[in-house]
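Spelled out from the first residue to the last, the chains are:
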Amino acid sequence: MNESELKTIVVEELSRVAPGSDPGALDGNDDLREGLDIDSFDALNFFIAISERLHMDIPEKDMGKLNTTNQIIQYLLACKV
Amino acid sequence: MKEFRMPSLGADMDAGTLVEWKVKPGDPVKRGDIAAVVETAKGVVEIEVFETGLINQIFFEQGQEIPVGQVLATIATEEEWRQQAKAPAAPAPEKLEKIPEMVHPAAVVAEAMKSVTPAAPVPHERIRVSPLARRIADDLGIDLATVQGTGPGGAIQRADIERAAAEHKPVVQEAPRALPVAATKPVEPVRPSEAGPVAPAPVERPAEAVPEQKKAADFQTAMRKAIAAAMARSNREIPHYYLETSIDMTNALHWLEEENIKRPIRERLLPVVVLLKAVAKSLTEVPELNGYWVEGEHLVSEAIHIGFAIALRQGGLLTPAIHDADMKTFDELRDAMNDLIIRTRGNRLRSSELTDATITVTSLGDRGVEKVFGVIYPPQVALVGLGKITQQPWAVNGALCVRPVMVATLAGDHRATDGHKGGLFLEALNRNLQEVEKL
C-alpha cells in the first residue's frame, strides 16, 4: 500500500475511536491523544482495528512510539515491506 | 404479586422518562432481565427486574415521566396469572401509595391541591416548622414564609412543604412527587443507600430533590445539573479526609510488558486493568472502605462492585459498576471494562450498573495529571484516585535512581473510617502492585 492509502485507513479508524473529531485536519506531527482527546482505551482499539484491517500484529513495545499520524504511517510503510 | 418499582439510579436522580417497554403483560421475566428503557439526565438506562415471574400489569406509557419509587409494573406468579385471566384486571395502584413512614394518601393530597388557595405569607415572627420539614424546604428551595402550615397551631409539617412544592412545579403529574423509598424487601437493591446484600433491615431515607425543573432539553445541561447536585451534596454532607501515597510501578509495568508480549493485540491488558484488580484485592484486605453510609450507619458490603469513572466525549461523567471485581480474572476484568466503556459512551447502561457501586475509582492518569483528589459519590464512603505514571527520582538502598511512579489517593468519609484505616488500604494497594503476579 502506498502512503496515501495508508493515511486514508488511519484517518478512518481514528474517526471511529474519536467520533465527532476531524483526524484528517490534524498536522502529521500532532500528538494524537491530545489532538483528538482520546485515552489509552481508544488508542488500543485503534491499533486493534489497524492490525486487523492490515492483517498484521503490532507488538506492544512499538505502540508506545506511535503517537502522531506521521509516525504511524511511516511505521506501517516499513512493516509492509 | 410483586411490584417492580422505578429504581433510583444515583444520588442525583429522582425521575426518568419511559422510552419503551421491553416486555408486555404475560411475558415471563427473571432477575436481571431488561424490562424497560428509561431516559434520565445522565442518559438512557436499561431497567432490570429483580423478580422472577410473569409481567402482570404495566402502569406507565411511552413518554411519561416516572418518579423514583413509583410502581412501573406488577409481576405475578404462574398461579396468580391464571387467576387473573379469569377475573377482571385490577385497577392501577394510586399514583401515591401508602409509603412506610411517609404517609400521605394520594386522595387527601390531591384534594388539598385542588382547594388550596395561594398561601398567605406567614408573619415573619417565629414560624413553627418541624426539623424534617425545614430540611425538605431547604432542599426544594421553598421559602417557608410562603407555606401554609396545617399542623398543630399552624405549624408547618412535611406534607405542607411537599404540597407547596407540587404547586410551584409545572409538571404533568397530577399529584405531588413521591419521595423515593427503599424497597421493603432487603433482596431488592432499589437504591444505592440500601446496600442490598448487607443490610438486614430496610433502610429508608428521603432523597434530595433538585430544585430546578428537570426537563432540560439540553442533555449537557441536565448532565451537569445531575453531577452538580450529587457533588454539592457530597461536599455538604460528607466530611472528607484525603490521603496520598507514591507507588513504584516498576514491577507492575514489567509484569504487564511480559504478559502482553504473550498476548495477541486483542487480548492485551491496559495498566488500568491491573490497577483495578489491585484495588479490588486491597478492598478484601481493608473492607471498611467498601460500602455505604446510610442513616448514621456504616454498612460494609461483602460484594465488591467497583464504580469506574468514565468520561463522555461530549462532556459529563458516569461511574458504572464493574460487578464482583475481586472475583474476575484479568481477562474477565478487561472484557467487563471494555464492554462498560462502549455501552457508557453509547448511552446504553443497565440500571444495576448505575446503582450497585460500592466504591468508585477514578483514573485520570491516562492523559496528564499526577494526582487526583476526588469527591465521594454518596452513599459510598470512599473514592480511589489514580494518577499518571511518571518517571521520578526514587531512593533505593540509599542511592538515587529513576522509577516509574504513580500517586494513588484516597478520599475517605470520616464518619465511616479514620485516616489509619485509609492508610492501611493505600499500603495494601502499594503492596499488591509490587506483586501483580499474585493478584
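From a predicted model like this one, the values you see are computed outputs, not experimental measurements.

### A few points about the overall build of chain B
Reasoning step 1: Each helix and strand in chain B was counted, giving 10 helices and 20 strands.
Reasoning step 2: The buried share of chain B, reckoned over its 439 residues, is 52%.
Reasoning step 3: Look at the contacts in chain B between residues 6 or more apart in sequence, and 65% of them connect residues 24 or more apart.
Reasoning step 4: Surface accessibility of chain B: about 19800 Å² in total, with carbon and sulfur atoms responsible for 55%.

### Focus: unusual backbone geometry
Reasoning step 1: Of note, the amide linkage connecting B:Pro378 to B:Pro379 takes the cis form, showing an omega dihedral of 5°.
Reasoning step 2: Topologically, B:Pro379 is positioned in the loop between β17 (359-363) and β18 (382-386).
Reasoning step 3: One non-glycine residue, A:His55, adopts positive backbone phi at about 55°.
Reasoning step 4: Here A:His55 shows up in the loop between α3 (40-53) and α4 (60-63).
Reasoning step 5: Note on A:His55: relative accessible area 73%, which makes it exposed.

### Details of the interface of chain B and chain A
Reasoning step 1: Opposite the 12 residues of chain B that make contact, chain A presents 23 residues.
Reasoning step 2: Summing the contributions of chain B and of chain A, the shared interface buries around 1600 Å²; its carbon and sulfur component is 47%.
Reasoning step 3: Contact with chain A buries surface across chain B, with B:Ile265, B:Arg313 and B:Arg367 losing the most and accounting together for 43% of the total.
Reasoning step 4: Applying the counting rule to chain B against chain A returns four salt bridges.

### Here's the deal with the sheet that holds strand β3 (residues 28-29) of chain B
Residue and element names in this part refer to chain B.
Reasoning step 1: Reading across from one edge, β1-β8-β6-β3 is the order of the four strands in this open sheet, with antiparallel pairing throughout. The open sheet terminates on both sides in strands that have one partner only, identified here as β1 (2-5) and β3.
Reasoning step 2: In this sheet, strand β8 (residues 71-76) lies alongside β1 in antiparallel orientation, the contact comprising four bridges. Paired with Arg-5 across the two strands is Val-71, which belongs to β8.

### A few points about the sheet that holds strand β16 (residues 349-350) of chain B
Residues and elements named next belong to chain B.
Reasoning step 1: Spatial ordering of the open sheet is given by β7-β2-β4-β5-β16, a layout of five strands whose pairing is mixed. Looking at the sheet topology across the chains shown, the edges are occupied by β7 (65-67) and β16.
Reasoning step 2: Bridge analysis of strand β5 (residues 43-48) against β16 gives two bridges, and the strand direction is parallel. Across the sheet, residue Val-45 finds its bridge partner in β16, namely Leu-349.

### Quick look at the pattern of salt bridges
Residues and elements named next belong to chain B.
Reasoning step 1: On inspection of all chains with the given rule, the structure shows 31 salt bridges over all chains.
Reasoning step 2: Taking the shortest distance from any N to any O, the salt bridge between Arg-348 and Glu-46 comes out at 3.3 Å. With Arg-348 in the loop between α8 (330-345) and β16 and Glu-46 in strand β5, this residue pair connects regions lying 302 residues apart in the sequence.
Reasoning step 3: Given the relative accessible area of 12%, Glu-46 is considered buried.
Reasoning step 4: Close ionic contact of Arg-343 with Asp-339 constitutes a salt bridge, the shortest N to O distance being 2.9 Å. You can see Arg-343 and its partner Asp-339 sitting in helix α8, four residues apart, about one turn around the helix.
Reasoning step 5: Its relative accessible area of 17% is what places Arg-343 among the buried residues.
Reasoning step 6: Overall, Asp-339 belongs to the partly exposed group, its relative accessible area being 37%.
Reasoning step 7: Within the structure, one salt-bridge network assembled from shared partners comprises Glu-259, Lys-262, Arg-263, Asp-331, Arg-334 and Asp-335.

### Digging into helix α10 (residues 419-434) of chain B
All names here are of chain B.
Reasoning step 1: Its 16 residues give α10 an end-to-end C-alpha distance of 23 Å, which sits within 8% of 22 Å, the value for a rise of 1.5 Å per residue.
Reasoning step 2: Of the residues making up α10, those classed as buried are Gly-422, Phe-425, Leu-426, Ala-428, Leu-429, Asn-432 and Leu-433. For α10, the angular spread of buried residues about the axis comes to 155°, placing them on one side. Turned more than 90 degrees from where α10 packs its buried face, His-420 and Glu-427 sit exposed.

### Description of the pairing of strand β11 (residues 297-300) of chain B
Residues and elements named next belong to chain B.
Reasoning step 1: As judged from the four bridges shared by strand β10 (residues 291-294) and β11, these two strands associate in the antiparallel manner. Note on β11: the bridge partner recorded for Tyr-292 is Leu-299.
Reasoning step 2: Linkage of β10 to β11, two consecutive antiparallel strands, is achieved through a turn of two residues, within which Glu-295 is found at a positive phi near 50°.

Parameters at a glance
Residues numbered from 1 in each chain as written. Chains lettered and ligands numbered in written order. Predicted model: local features only at pLDDT ≥ 70, side-chain atom pairs only at ≥ 80, totals over all residues. Heavy atoms only, no water. Helix = DSSP H or I, 4+ residues; strand = E, 2+ residues; numbered from the N terminus. Buried < 20%, exposed > 50% of the residue type's maximum accessible area, 1.4 Å probe, protein only. Contact = heavy atoms within 4.5 Å. Areas by Shrake-Rupley, 256 points an atom, 1.4 Å probe, with all protein chains shown as cover. Buried area = accessible area lost by both parts, 1.4 Å probe. Salt bridge = Lys/Arg side-chain N within 4 Å of Asp/Glu carboxyl O. Pairing = 2+ DSSP bridges. Expected span 1.5 Å × (residues − 1). Arc of directions from axis to C-beta.

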